[in-house]
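Observations on the model geometry
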Amino acid sequence: MQREKFNTIISPCVPIQIENVDTDQIIPARFLKATTREGFGKNLFRDWRYLPGGSPNPEFVLNKRDYNGKILVAGKNFGCGSSREHAAWALYDYGFRVVVSSFFADIFRNNALNTGLLPVQVSDSFLNDLFSRVLHDPSTEVKVNLVDQKIVILDTNQSEDFDINAYKKKCMMEGYDDIDYLISMIDGIVEFERRNQ
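The structure reproduced in this document is the subject of the present report. Just so we're clear, the structure is a prediction, and the values are computed from it rather than from any experiment.

Focus on the packing of aromatic side chains
Tallying each qualifying case throughout the model produces seven aromatic pairs. Residues Trp48 and Phe60 carry aromatic rings whose centres are separated by 6.1 Å and whose planes lie at 55° to one another, so their mutual orientation is tilted. Of this pair, Trp48 sits in helix H2 (residues 46–49) while Phe60 is found in the loop between H2 and strand S2 (71–74), placing the two residues twelve residues apart along the sequence. A relative accessible area of 23% means that Trp48 is categorised as partly exposed. By relative accessible area, which is 7% here, Phe60 ends up buried. Sitting over the ring of Tyr92, Arg97 keeps its end group 3.6 Å from the ring centre.

Right, dumping it as structure tokens:
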């Protein structure tokens with residue numbers, strides 16, 4: 001899966017105002033048979049997104065025309081449960097580049113960063129205000145600036161800073177995974193080896 005470079009995103013949001021969404025709800029275990037990262041997006045939130053007969057559930061937000069965008073706004077404790085990387089892969093493959101919540105499970109946060117999906121942790125009050133704006137007006141846009149580590153609700157100019165590991169920040173800005181990062185340093189590594197022979 002080719003990663004995109006991430007600096008700033010301005011996008012409307014998709015709200016899932018449910019707390020404690022676990023990785024099996026994000027991508028059910030029965031869809032984990034593939035060995036590559038591609039294709040998981042079609043089964044993202046599968047059991048919420050489709051009715052038992054297989055038709056789209058008109059009540060689920062991903063099936064509502066009003067809601068779209070690259071930013072998922074989720075309830076507290078998003079990504080809890082099992083450690084499966086596939087949850088982050090499914091969100092990225094579907095087209096999300098940011099997940100906003102007031103708390104993330106640690107393993108999900110790391111899997112997301114390793115995938116190129118930015119977890120933005122905000123205060124409970126900011127999250128509630130963001131849900132309120134997006135549910136009232138689905139066209140509400142949010143700006144996520146990774147360089148400045150700031151998220152802004154553009155309608156109100158309300159903002160918060162967010163934390164990210166400096167190494168993961170660099171990787172996201174360059175579109176690198178861990179191997180890409182090492183390859184980017186190859187000239188320096190070769191020069192170091194040459195000087196220390």
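From this point, the discussion proceeds with the structure in view.
Considerations on the sheet that holds S2
Taking strand neighbours across the sheet as the criterion, the seven strands line up as S4-S3-S2-S1-S5-S6-S7 in an open arrangement whose pairing is mixed. Looking along the sheet, the strands with just one partner apiece sit at the ends: strand S4 (118–121) and strand S7 (158–161). Along the sheet, successive strands turn relative to each other by an average axial angle of 25°, direction set aside. Strand direction decides the pairing type here: strand S6 (residues 150–153) and S7, joined by four bridges, are antiparallel. By the bridge assignment for S7, Ile151 is matched with Glu160.

What about helix H4 (residues 106–115)?
Listing the buried residues of H4 in full gives Phe108, Asn111, Ala112, Leu113 and Thr115. Buried-residue contacts for H4 involve helix H1 (23–26), helix H3 (86–94), S4 and helix H6 (166–174). Taken from the residues just after H4, Gly116 is the one with a positive phi, measuring 100°.

Considering the side chain of Asn111
Structurally, the position occupied by Asn111 is in helix H4. Owing to a relative accessible area of 12%, Asn111 belongs among the buried residues under this scheme. What Asn111 contacts, discounting residues up to four positions off in sequence, is Ser83, Arg84, Glu85 and Ala88.

How each quantity is defined
Residues numbered from 1 in each chain as written. Predicted model: local features only at pLDDT ≥ 70, side-chain atom pairs only at ≥ 80, totals over all residues. Heavy atoms only, no water. Phe/Tyr/Trp six-rings, centres within 6.5 Å; stacked < 30°, edge-to-face > 60°. Helix = DSSP H or I, 4+ residues; strand = E, 2+ residues; numbered from the N terminus. Buried < 20%, exposed > 50% of the residue type's maximum accessible area, 1.4 Å probe, protein only. Lys NZ or Arg CZ within 6 Å of the ring centre and 35° of its normal. Pairing = 2+ DSSP bridges. Axes fitted to C-alpha atoms, helices over the stretch in contact; angles between N-to-C directions. Contact = heavy atoms within 4.5 Å.

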